[in-house]
Amino acid sequence: MKRSKKKKPKEKIINKPQNHEPTKQELREQRRRQRKANKRKRIMKGLTTILVILGVIGAISFGAYQAVNLGIFNVAEIEVVGNEIVDTETVVKASGINVGESIFLIDVNQANYNINALMNLDELEISKIMPNKILIRMVESVPICAVNYDNKVYYLTEDKKLIEDGEYLRKTDIPLIFGSDAVSISEIGKEVVVEPYWRFDTVMNILKDLKSDGNLAKISEVRMTDVNTYEIVTKNGTVIILCDYNNYLDNKAYIQTNLDKNTSNMIINLAAGTKPVIKPR
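What counts, and where the lines are drawn
- Residues numbered from 1 in each chain as written.
- Predicted model: local features only at pLDDT ≥ 70, side-chain atom pairs only at ≥ 80, totals over all residues.
- Heavy atoms only, no water.
- Helix = DSSP H or I, 4+ residues; strand = E, 2+ residues; numbered from the N terminus.
- Buried < 20%, exposed > 50% of the residue type's maximum accessible area, 1.4 Å probe, protein only.
- Contact = heavy atoms within 4.5 Å.
- Pairing = 2+ DSSP bridges.
- Axes fitted to C-alpha atoms, helices over the stretch in contact; angles between N-to-C directions.
- Phe/Tyr/Trp six-rings, centres within 6.5 Å; stacked < 30°, edge-to-face > 60°.
- Expected span 1.5 Å × (residues − 1).
- pLDDT = per-residue confidence, 0-100.
- Parallel < 35°, antiparallel > 145°, perpendicular 65-115°, else oblique.
- Left-handed = near helix turned anticlockwise from the far one by under 90°.
- Nonpolar A, V, L, I, M, F, W, Y, C, P; charged D, E, K, R; others polar.

### Details of the overall build of the protein chain
Link 1 in the chain: Counting its secondary structure elements, the protein chain contains 6 helices and 14 strands.
Link 2 in the chain: By residue count, 33% of the 281 residues in the protein chain fall in the buried class.
Link 3 in the chain: Long-range pairs, those at least 24 residues apart, make up 54% of the contacts in the protein chain with a sequence separation of at least 6.

In structure tokens:
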């Protein structure tokens, strides 16, 4: 007899839904893994940045070290700008800055103090210009005259304060004063006593008037003579003789006319009487 084959029971096919919604547990796990991955990325990025920065700093430090050893940052030039009365060598010496010194060791504040202690200045600025230059920019106090005495020249402001002294005239657009009996100075920036003081006061009053009228640059010299007169010498070579400040004020318009006309090589005596006495020089 033939045995009949038993038919296997058909398996039930369970269709899972295609869009499976993750459970809360799965979502938390996904977020945890993502946070962990992001943290690793941030750490690696931070380490990379630190390594790059350290590499740059190291390269700069090594380069700077080499540059210092080679003297690249040693002062090679000291430039002085704005000095008309004081010569450059005097300014540099006063600053205390030396060529060949490391620019990093220059104390700008100390140099500023050193210069101001020796010179009467309106402005002073000292700058480091990398890699090896020092710039000293200055504005000198404005002199109204230069007093010549005992083979020295003293530059004075309107209030008789000393700006600088030297062995020769460096500024030619101010009058040179002759005829002093004595010059007493204490220090830069302090008042200078010029004897005879009452005669020098007369000279200063005349100079202030000439300056206010725009005529100071036209005057070459002012002489205090032995006969108690004052000789104003113009740059055109004309000599104007006065007896005092009132004499100057009385003839101010006449003096102005001659200055405007650029009268040259004449002697104009205004101290001889009521009328000028004029003759060729």
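### Some words on the sheet that holds strand β2 (residues 121-129)
Link 1 in the chain: In spatial order, the strands read β1-β3-β2; together these 3 strands make up an open sheet with mixed pairing. Of all strands in the sheet, those bounded by a partner on one side alone are β1 (77-81) and β2. For this sheet the average axis-to-axis angle between neighbouring strands, irrespective of direction, equals 15°.
Link 2 in the chain: Inspection of the sheet shows β1 paired to strand β3 (residues 133-140) by 5 bridges, in the parallel sense. From the neighbouring strand, glutamate 77 faces β3, where its bridge partner is lysine 133.
Link 3 in the chain: Across the sheet, helix α2 (residues 88-95) lies against β1 and β3, angled at about 120° from β1, the strand it touches most.

### Observations concerning the sheet that holds strand β11 (residues 230-234)
Link 1 in the chain: Overall, mixed pairing links the 9 strands, which are arranged β6-β5-β4-β7-β10-β11-β12-β13-β14 in an open sheet. The open sheet has two free edges, formed respectively by β6 (162-166) and β14 (277-280), since each of these has just one partner strand. Between one strand axis and the next, the sheet turns through 20° on average, direction left out of account.
Link 2 in the chain: In this sheet, β14 lies alongside strand β13 (residues 266-269) in antiparallel orientation, the contact comprising 4 bridges. The partner of methionine 266 across the bridge, within β14, is proline 280.

### Structural notes on the packing of aromatic side chains
Link 1 in the chain: A full pass over the atoms with the stated rule returns 2 aromatic pairs.
Link 2 in the chain: Considering the side-chain rings of phenylalanine 73 and phenylalanine 104, the 5.0 Å spacing of their centres and the 50° angle between planes classify their relative orientation as tilted. A residue pair is termed long-range when its members are at least 10 positions apart, and phenylalanine 73 in the loop between α1 (24-70) and β1 and phenylalanine 104 in the loop between α2 and α3 (108-118) qualify at 31 residues.
Link 3 in the chain: Looking at phenylalanine 104, the relative accessible area reads 46%, which means it is partly exposed.
Link 4 in the chain: Aromatic pair tyrosine 245 and tyrosine 248: ring centres 6.1 Å apart, planes at 15°, arrangement stacked. Here tyrosine 245 and its partner tyrosine 248 are both found in helix α5 (residues 245-250), 3 residues apart, which amounts to about one turn of the helix.

### Quick look at helix α4 (residues 197-212)
Link 1 in the chain: Its 16 residues give α4 an end-to-end C-alpha distance of 22 Å, which sits within 8% of 22 Å, the value for a rise of 1.5 Å per residue.
Link 2 in the chain: Taken as a whole, α4 has its buried residues at Arg199, Phe200, Thr202, Val203, Met204, Ile206, Leu207, Asp209 and Leu210.
Link 3 in the chain: A positive backbone phi angle near 75° is found at glycine 214, which sits one or two residues after α4.

### Here's the deal with the confidence of the model for the protein chain
Link 1 in the chain: This prediction gives the protein chain a mean pLDDT of 87; 89% of its residues lie at or above 70.
Link 2 in the chain: Least confident of the elements in the protein chain is α1, whose mean pLDDT is 76; most confident is β11, at 98.

### Quick word on the pairing of strand β4 (residues 145-149)
Link 1 in the chain: Relative to strand β5 (residues 152-156), β4 runs antiparallel, the two sharing 5 bridges. Bridged to valine 147 within β5 is tyrosine 154.
Link 2 in the chain: Following β4, the chain reverses through 2 residues before pairing antiparallel with β5; aspartate 150 in that reversal takes a positive phi of roughly 55°.
Link 3 in the chain: Pairing analysis gives 2 bridges linking β4 to strand β7 (residues 176-178), with the strands arranged parallel. Note on β7: the bridge partner recorded for valine 147 is isoleucine 177.

### A word on the packing of α2 against α3
Link 1 in the chain: Interhelical geometry of α2 versus α3 gives an angle of 125° and a closest axis separation of 7 Å. By the angle between their axes, α2 is oblique relative to α3. At the point where α2 passes α3, the crossing takes the right-handed sense. On α3, the residues touching Val91, Ala94 and Ser95 of α2 are Ala111, Asn114, Ile115 and Leu118.
Link 2 in the chain: Taken together, the residues of the contact of α2 with α3 break down into 5 nonpolar, 2 polar and no charged.

### As for the side chain of glutamate 221
Link 1 in the chain: With respect to the helices and strands, glutamate 221 occurs in strand β10 (residues 219-224).
Link 2 in the chain: Not counting residues within four places of it along the chain, the set of residues in contact with glutamate 221 comprises Leu176, Phe178, Glu231, Ile232 and Val233.

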